[in-house]
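Each chain is listed here by its residues.
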Amino acid sequence: TRGLTFEMSLFFTGAVLGNHHESLTLRPADHSVVRYTNESLIVQCQSPNPEVKLHWKSPKGEIIHDHKGRIHIEQPSPEQLKIVFAHIALADKGNWTCEAAEGGLHSKSFDLIVYQKITFTENATVMTVKEGDKATILCEVKGEPQPNVTWHFNGQPISTEAADGSKFRILADGLLINKVTQSDTGEYACRAYQVNSIASDMQERIVLMKIEHKPFWTYKQFVSLQYAYINGTATIMCEAQAEPPATFTWHRKQKRLHSNEKLYTIETDSYWSRLTVHVVNGSVFDNYRCRAANHLGSIERTKRLEEGEKPPAPVTFKLRGFNSNTFDVDVSAPRGQDERDLMEVNGYRIEYMSEMEFKSDAGKWTNAKRKDFPFEEGATFLITNLEPNTTYLMRAASRNLAGFSDFTKVEKYTTLSLEPRSASGIPRPALLLLGLLNLWPILRLALG
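Colleague: Is there a simple way to think about the overall build of the protein in this case?
Modeller: In terms of regular secondary structure, the protein is built from four helices and 33 strands. Per-residue burial over the protein gives 36% buried out of 448 residues. Of the contacts formed within the protein by residues at least 6 apart in sequence, a portion of 63% connects residues at least 24 apart. Surface summary for the protein: the accessible area is close to 27,000 Å², and the carbon and sulfur share equals 52%.

Colleague: How should I be thinking about the pattern of salt bridges in this particular structure?
Modeller: A side chain with one charge may pair with a side chain of the opposite charge, provided their charged atoms come close. A full pass over the atoms with the stated rule returns 18 salt bridges. A salt bridge links E306 to R304; the nearest nitrogen and oxygen atoms lie 3.8 Å apart. The class of E306 is partly exposed, set by a relative accessible area of 32%. For K412, the salt bridge is made with E355, and the minimal N-O distance between the two is 2.6 Å. Placement of the pair is K412 in strand β33 (residues 411–414) and E355 in helix α3 (residues 355–360), with a sequence separation of 57 residues. Put simply, R252, K253, D286, R304 and E306 are held in one network by salt bridges that share partners.

Colleague: It is not clear to me how the state of the cysteines should be interpreted in this structure. Could you clarify?
Modeller: Note on terminology: a disulfide is the covalent bond linking the sulfur atoms of two cysteines. Enumeration according to the criterion identifies three disulfides in this entry. Residue pairing for C139: its cysteine sulfur links by disulfide to C190, the two sulfurs lying 1.9 Å apart. Disulfide C139-C190: torsion about the S-S bond near -75 degrees, hence left-handed. Of this pair, C139 sits in the loop between β10 (135–138) and β11 (141–144) while C190 sits in strand β16 (residues 186–195), and the two are 51 residues apart along the sequence. The class of C190 is buried, set by a relative accessible area of 1%. Put simply, C238 and C290 are joined by a disulfide, and their sulfur atoms are 1.9 Å apart. Here the S-S torsion is close to -85 degrees, and the disulfide linking C238 with C290 is therefore left-handed.

Colleague: Help me understand the sheet that holds strand β30 (residues 381–383), please; the structure alone is not making it clear to me.
Modeller: By way of backbone hydrogen bonds, the strands of a sheet pair with one another, either parallel or antiparallel. Read across the open sheet, the three strands follow the order β26-β27-β30; overall the sheet is antiparallel. Each edge of the sheet is formed by a strand with only one pairing partner; in this case those strands are β26 (316–322) and β30. Here the strands of the sheet are splayed against their neighbours by 30 degrees on average, with no regard to which way each runs. Examined bridge by bridge, strand β27 (residues 327–332) and β30 share three bridges and lie antiparallel to one another. If you follow V329 over to β30, its bridge partner there is F381.

Colleague: Which parts of the structure should I look at to understand the sheet that holds β10?
Modeller: With respect to topology, three strands assemble into an open sheet ordered β10-β15-β14, the strand pairing being antiparallel. On the outer flanks of this sheet lie β10 and β14 (168–171), each paired with one strand and no other. On average, each strand axis in the sheet is tilted by 20 degrees relative to the strand beside it, whichever way the strands run. Note: β10 against strand β15 (residues 174–177), four bridges, orientation antiparallel. Paired with I137 across the bridge in β15 is L175.

Colleague: Would you explain the packing of aromatic side chains in this entry?
Modeller: For any pair of aromatic rings, geometry is given as the distance between the ring centres together with the angle between the planes. Summed over the entire model, instances satisfying the criterion amount to eleven aromatic pairs. A centroid spacing of 4.5 Å and a plane angle of 25 degrees characterise the contact between F153 and Y188, whose relative ring orientation is stacked. Here Y188 lies in strand β16 and F153 lies in strand β12 (residues 148–153), a separation of 35 residues in the sequence. The two residues F153 and Y188 agree in class, both being buried.

Colleague: How do you make sense of the pairing of β11 when you look at a structure like this?
Modeller: Residues in a regular strand point their side chains to alternate faces of the sheet. Side chains V141 and G143 project from β11 onto a buried face, and the interleaved K142 and E144 project onto a face without burial. Examined bridge by bridge, strand β8 (residues 107–120) and β11 share three bridges and lie antiparallel to one another. Bridged to Q116 within β11 is E144.

Colleague: I'm lost on the side chain of D184 in this one. Help?
Modeller: Checked against the element boundaries, D184 lands in the loop between β15 and β16. Side chain to side chain, D184 and K167 meet in a polar contact 2.7 Å long. In contact with D184, not counting residues within four places along its chain, are F153, K167, I177, K179, M209 and I211.

Colleague: What exactly am I supposed to notice about the environment of L401 here?
Modeller: Among the structural elements, L401 can be located in the loop between β31 (391–400) and β32 (403–404). Between the alpha carbons of L401 and Y229 there is a distance of 9.8 Å; along the sequence they are 172 residues apart. In this structure L401 touches Y227, L342, M343 and N346, once residues within four positions along its chain are discounted.

Colleague: Got a minute to help me understand the side chain of N400 in this structure?
Modeller: Among the secondary structure elements, N400 is positioned in strand β31. Under the relative-accessibility criterion, N400 is labelled buried at 4%. A polar contact of 2.8 Å, which involves the side chain of N400, links it to the backbone oxygen of M343. Apart from residues lying up to four places away in sequence, N400 is in contact with E309, K310, P311, M343, E344, V345 and N346.

Colleague: How should I be thinking about the pairing of strand β17 (residues 200–217) in this particular structure?
Modeller: Where strand β9 (residues 126–130) and β17 come together, five bridges link them in parallel fashion. If you follow V129 over to β17, its bridge partner there is I211. With ten bridges joining them, β16 and β17 adopt antiparallel strand pairing. Opposite R191, over in β17, you have E204 as the bridge partner. As consecutive antiparallel partners, β16 and β17 are separated by four residues. In this structure, β17 lies alongside strand β19 (residues 233–243), joined through three bridges in antiparallel fashion. Opposite H213, over in β19, you have E243 as the bridge partner.

Cut-off values and rules
Here, residues in each chain are numbered from 1, in the same order as that chain's written sequence. Local features are withheld for residues below a pLDDT of 70 in this predicted model, meaning they are given only at 70 or higher, and side-chain atom pairs are given and counted only at 80 or more; totals for whole chains, interfaces and linings count all residues. Hydrogens are left out, water is left out, and the side-chain values use all remaining heavy atoms of the structure. Counting from the N terminus, the helices are DSSP H or I runs at least four residues long and the strands are E runs at least two residues long. Burial classification: accessible surface area is computed with a 1.4 Å probe over protein chains only, and a residue below 20% of its type maximum counts as buried, one above 50% as exposed, and the rest as partly exposed. Contacts were defined at the residue level, with two residues in contact if any of their heavy atoms lie within 4.5 Å. Here the open area of atoms and residues is found with the Shrake-Rupley method and a 1.4 Å probe, where only the protein chains shown may cover a residue. Salt bridges are counted wherever a side-chain nitrogen of Lys or Arg sits within 4 Å of a carboxyl oxygen of Asp or Glu. Note on terminology: pairs of cysteine sulfur atoms within 2.5 Å are recorded as disulfides. DSSP calls a pair of strands paired once it identifies at least 2 bridges connecting them. The axes used here are C-alpha line fits, helices contributing only the stretch in contact, and every angle between their N-to-C directions lies in the interval 0 to 180 degrees. Stacked, tilted and edge-to-face pairs are distinguished by plane angle, under 30 degrees for stacked and over 60 for edge-to-face with tilted covering the rest, among Phe, Tyr and Trp rings (Trp via its six-membered ring) whose centres lie within 6.5 Å. Pairs of N or O atoms within 3.5 Å make up the polar contacts considered here, provided that, within protein, one atom can donate a hydrogen while the other can accept it, and that residues adjacent in sequence are counted only when both atoms are side-chain atoms.

And the structure:
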């Protein structure tokens, strides 16, 4: 009897423990949990019996004992044991198991699936390569699952056929370009695509590649002779492309020129320089040399400045027609009738600004809009994109090879309103109001 009781006791205890193990529950209860790297996760394991001690095992079979750190356990009550991932790493993927500490066949586990969003290890956005050299644009992409990468040049895809040729070669971590030329200058985009069970993503890294080269003139055509008149100004332009951008210098004879209030004004940007010569007397008529240089080479051009004649101011400047946004302007200046004169008028400049702009600029024409027109016999000139019902101040000057004439006296012209008008030229609302005022004595008598 005593032996039978002992065997039944063992059977009963084992059954209870077995039920405890089978009754372990996880929250969340998913068999698979998906997270991105650096995200957090808490999974709670619960037993119906507080006397059953629980522990968590990693995919490597290691029991988690830590109560703080990136991966640790927390026990809010005797029957609960949480595993906490403060920020998940790729190495955390695998099967995580909650089981009774005394062992047994029964446990609860979940698969942790870890994805990594697309990241680029390089962050440079501009690279400079010497003409004729090889160039490697690095694009090392990280992600889980491993992203697919495509390359584009100035928005156009670089096909695998082109990449297998002598010009391009796609590498595991970048793009190789052989014997770069100036035509290879532009934007190269490394696009990474990733598709997983919870999302899809596309990221791109754009690199602007500049090809180092010595300066060359922006415009091949060049006129070596320019005219100016005394008390006028002459503007000489010098434009060159270079990488890195050229340094521009101006020279007269063997002397380098600098900006000063009396004779010269020099303005320079990355790819151009402008010399303005103030023609105070005849001594300024000379050769002016522009030099553009970088560490790869230099180029020079010389322009001869000679004395010309100041053109006559326009003798005609009047409005031929107008509407709500356009002026049709008649401008003319005297020209030789017989032989063509080198200094004859070859065009006009019309400057204009609204009356309000003129007042806000304190009566100065510095910010006036301007349009240049070539000379054309009997032609009129259109000033467009004006505001309706707006008064404009306008003036005109003639142009020849030596520069511009004095401006005409300022004229005021007003554009039409967009509001429709009657045949009498009076706006319709105003005409209606006048009619009502005329009818008022009769209406008053009728209402008596």
